[in-house]
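# Coordinate analysis (summary)
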Amino acid sequence: MTRRLPLETWGRRLMTRAEVWADQSRLRRYAYEFLWFGLKQGWACLFGGLMLALIVGTWLVWPDDAAVSRYDFLVVGAVLIQAAMLAFRLESWEEARVIFLFHVAGTIMELFKTAHGSWVYPEDSLLRIGAVPLFSGFMYAAVGSYIARVQRIFHIRVRNYPPLWTTWVLAAAIYVNFFAHHWLLDVRIALFAGTVLLFGRGWFYFTADRTRQSMPLLLGYFLVALFIWFAENLGTLGRAWVYPGQAAGWEMVSLAKLGSWFLLMIISVVLVSIVHRPEPEVSAPEARRA
């Protein structure tokens, strides 16, 4: 029989005690499950959390006369985070390749949006393409990392997920509209309608503690977009990038950006589905028959 390490033995003993405590009442059980939900969510967004900590931390302490620019330091820090995620097997190489697509797609969007004045990067740096510092692509990669990891950590399965080819068409239309609306009619209302049509009947199932829970797909996507919006507010507070309305001083990012992040979530989910194909949730009788 394989011997457990002392720390593992202590952890399992502590978890057993916590579960016994939680099972003594319904309120405790809900509180314990909510705690695990938060801890697992934090673990899933490790990449994004570390990037956000770097952005805010360097904004607070970075000296004006430093030999290296803050943006270049953020690039190096992002590369080290990604390397550590792979070295410690927190991400697979298949996931990393898809996350690289996030990086490329995000950088292309950044080049286009900064050229049209949608936002700016106010600090100087060497590691950049045009007006876009290279760390910006890692912020999109952080979203991809979260979606890939959260599916494994919560054992996410789905029901009534739309055919994959329809999601690819929708994601392509969303991505094109991010560019085309500068010259043509903005069709995001139609894209929202298409998203509701495809995903409106879908549910995903997950395990935070010991019980399977469920949530509508659209609600889950919206909640993730909401937390990305919160992170965006911290990122702009840390002067990682600046919107036109924040040039004279920081103010909260417009709630209208929630719609953009929601649509970006659809693109993100579709890209990750290349590696993690949506798996159907099976009921207990179906599992027994299988």
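Our structure is the block above this text.
Here the structure is a predicted model, which is why all the values come from computation and not from measurement.

Procedures and definitions
- Residues numbered from 1 in each chain as written.
- Predicted model: local features only at pLDDT ≥ 70, side-chain atom pairs only at ≥ 80, totals over all residues.
- Heavy atoms only, no water.
- 1 Å grid on protein atoms, 1.4 Å probe; cavity = no way out; pocket = protein on both sides within 12 Å on 5 of 7 lines; lining within 4 Å.
- Points joined across faces, edges and corners; volume = space filled by probe spheres on them.
- Nonpolar A, V, L, I, M, F, W, Y, C, P; charged D, E, K, R; others polar.
- Patch = residues over 30% accessible without salt bridge, like charges linked within 9 Å, V, L, I, M, F, W, Y side chains within 5 Å.
- Areas by Shrake-Rupley, 256 points an atom, 1.4 Å probe, with all protein chains shown as cover.
- Salt bridge = Lys/Arg side-chain N within 4 Å of Asp/Glu carboxyl O.
- Helix = DSSP H or I, 4+ residues; strand = E, 2+ residues; numbered from the N terminus.
- Buried < 20%, exposed > 50% of the residue type's maximum accessible area, 1.4 Å probe, protein only.
- Axes fitted to C-alpha atoms, helices over the stretch in contact; angles between N-to-C directions.
- Parallel < 35°, antiparallel > 145°, perpendicular 65-115°, else oblique.
- Left-handed = near helix turned anticlockwise from the far one by under 90°.
- Contact = heavy atoms within 4.5 Å.
- Expected span 1.5 Å × (residues − 1).
- Pairing = 2+ DSSP bridges.
- Core = buried A, V, L, I, M, F, W, Y, C linked by side-chain atoms within 4.5 Å.

Moving on, we come to the layout of surface pockets. Approximately 210 Å³ is the volume found for the second largest pocket. For the second largest pocket, the lining is made up of 15 residues, of which Leu101, Ala105, Tyr175, Ile267 and Leu271 are closest to its centre. When grouped by side-chain class, the residues that make up the lining of the second largest pocket number 13 nonpolar, two polar and no charged.

A surface patch of nonpolar side chains, about 410 Å² in accessible area, is lined by Val76, Leu80, Leu126 and Leu127. Turning to its location among the elements, Leu80 is positioned in helix 4 (residues 70-87). Since its relative accessible area comes to 56%, Leu80 is described here as exposed.

With their axes 8 Å apart at the nearest point, helix 9 (residues 217-237) and helix 10 (residues 257-272) run at an angle of 120 degrees to one another. Judged by the angle between their axes, helix 9 and helix 10 are oblique. By crossing handedness, the relation of helix 9 to helix 10 is classed as right-handed. Only Lys257, Leu258, Trp261, Phe262, Met265, Ile266 and Val269 of helix 10 make contact with helix 9, whose side of the interface consists of Leu218, Tyr221, Phe222, Val224, Ala225, Leu226, Ile228, Trp229 and Glu232.

In an α-helix, one turn spans 3.6 residues, which is why side chains three or four residues apart end up on the same side. Its 23 residues give helix 5 (residues 93-115) an end-to-end C-alpha distance of 33 Å, which sits within 8% of 33 Å, the value for a rise of 1.5 Å per residue. At the C-terminal side of helix 5, Gly117 shows a positive phi close to 75 degrees.

The subject of this paragraph is the pairing of strand 4 (residues 203-207). Most of strand 4 sits out of view: four of its five residues are buried. Bridging between strand 3 (residues 157-159) and strand 4 involves three bridges; their strand directions are antiparallel. Considered in strand 4, the bridge of Val158 is made with Phe204. Both strand 4 and strand 5 (residues 212-216) contribute to a ladder of five bridges, which runs antiparallel. Its bridge partner being in strand 5, Thr207 is matched across the sheet by Arg212.

Positive phi, close to 60 degrees, is recorded for Arg89, a residue that is not glycine. As for its position among the elements, Arg89 is in the loop between helix 4 and helix 5. Judged by its relative accessible area of 75%, Arg89 is exposed. One non-glycine residue with positive phi stands out, namely His155, at about 50 degrees. Tracing the backbone through its elements, the reader meets His155 in the loop between helix 6 (135-153) and strand 3. Judged by its relative accessible area of 45%, His155 is partly exposed.

What follows is about the sheet that holds strand 4. The sheet built from three strands is open, its strands ordered 3-4-5 with antiparallel pairing. Unpaired on one side and paired on the other, strand 3 and strand 5 mark the two borders of the sheet. Strand-to-strand, the axes of this sheet are offset by a mean angle of 30 degrees, without reference to chain direction.

Quick look at the pattern of salt bridges now. Scanning all chains against the criterion turns up eight salt bridges. Across the salt bridge formed by Arg188 and Asp186, the nearest N and O atoms sit 3.1 Å from each other. For Asp186, a relative accessible area of 31% gives the class partly exposed. In this structure, Asp209 engages Arg210 in a salt bridge whose closest nitrogen and oxygen atoms are separated by 3.1 Å.

Okay, the nonpolar core next. Counting residues in hydrophobic clusters, the biggest one holds 68 residues, and the most contacted among them are Met51, Phe135, Ile174, Phe199, Tyr221 and Met265. Apart from residues no more than four positions distant in its own chain, Ile174 is found in contact with Leu191, Leu263, Ile266 and Ile267.

Geometric descriptors of this kind do not, in isolation, establish any biological role.
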